[in-house]
Amino acid sequence: MASMTDVIFLLLIFFMITSTAVSPNAIKVLLPQGREQTAAKPLVRVVIDKDLNYYAAQGNEEEQPLALEDLPAFLRECAGEQPDMYVALYADERIPYAEIVKVLNIANENRFKMVLATRKPDGK
């Protein structure tokens, strides 16, 4: 018969394993500061990390690596399912402004609504 200590130990191991397996490949992006943190839930997310890697996801899906050239087709495919779609751009604050403009141009050419994600100012 297992003692209470054995049960607690097994539960501890279970929680340690499951907590590290939840999001091992989360994309790290330092968003620029804004007056308020972006609160809207976009239908499509485009992420640009500090190394200029592009990722995209729709809804609650996990972001997948994507080449900039493939972004217009991905967004059009998503828009086919939801014509009133809008796109949130999560761009690291250290990337060149020209990279943001590339994504904004794609959105503008395809008439997608665009939101730039920000974080709350530090200390507030």
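This text gives an overview of the structure that appears in the document. (Residues numbered from 1 in each chain as written. Predicted model: local features only at pLDDT ≥ 70, side-chain atom pairs only at ≥ 80, totals over all residues. Heavy atoms only, no water.)

## Section: the overall build of the chain
Working step 1: Within the chain, the secondary structure is distributed over three helices and five strands.
Working step 2: Taken from N to C terminus, the helices and strands of the chain fall in the order α-β-β-β-α-β-α-β.
Working step 3: Here the chain holds 124 residues, and 30% of them are scored as buried.
Working step 4: In the chain, of all internal contacts separated by at least 6 residues, the share reaching a separation of at least 24 is 66%.
Working step 5: For the chain, the exposed area adds up to about 8800 Å²; of that, 56% sits on carbon and sulfur atoms. (Helix = DSSP H or I, 4+ residues; strand = E, 2+ residues; numbered from the N terminus. Buried < 20%, exposed > 50% of the residue type's maximum accessible area, 1.4 Å probe, protein only. Contact = heavy atoms within 4.5 Å. Areas by Shrake-Rupley, 256 points an atom, 1.4 Å probe, with all protein chains shown as cover.)

## Examining the environment of glutamate 99
Working step 1: Structurally, the position occupied by glutamate 99 is in helix H3 (residues 97–109).
Working step 2: Judged by its relative accessible area of 11%, glutamate 99 falls in the buried class.
Working step 3: Spatially, the C-alpha atom of glutamate 99 lies 8.4 Å from that of isoleucine 48, the residues being 51 residues apart in sequence.
Working step 4: Other than its neighbours up to four places away in sequence, glutamate 99 contacts Ile48, Leu52 and Tyr54.

## What about the sheet that holds strand E5 (residues 113–116)?
Working step 1: Sheet architecture is open: five strands sit in the order E3-E2-E1-E4-E5, paired in mixed fashion. Of all the strands in the sheet, just strand E3 (64–65) and E5 have a single pairing partner and so form its edges.
Working step 2: Alignment of strand E1 (residues 44–48) against strand E4 (residues 86–91), held across five bridges, turns out to be parallel. Looking at E4, one finds that valine 47 is bridged to tyrosine 90.
Working step 3: Against the sheet, H3 touches E1, strand E2 (54–58), E4 and E5, its axis set at about 155° to E5. (Pairing = 2+ DSSP bridges. Axes fitted to C-alpha atoms, helices over the stretch in contact; angles between N-to-C directions.)

## Quick word on the pairing of E2
Working step 1: Counting buried residues along E2, five of its five residues qualify, which places the element largely inside the surrounding structure.
Working step 2: Residues of E2 alternate between two faces, with Tyr54, Ala56 and Gln58 on one and Tyr55 and Ala57 on the opposite face, all of them buried.
Working step 3: Where E1 meets E2, five bridges bridge the pair, whose relative direction is antiparallel. Bridge pairing in E2 places valine 46 opposite alanine 56.
Working step 4: In textbook terms, the turn of a hairpin is the stretch between consecutive antiparallel strands, and for E1 and E2 this stretch comprises five residues, one of which, leucine 52, has a positive phi near 65°.
Working step 5: Hairpin connection from E2 to E3: five residues lie between these consecutive antiparallel strands, with glycine 59 at a positive phi of about 60°.

Worth remembering: the numbers are spatial, not functional.
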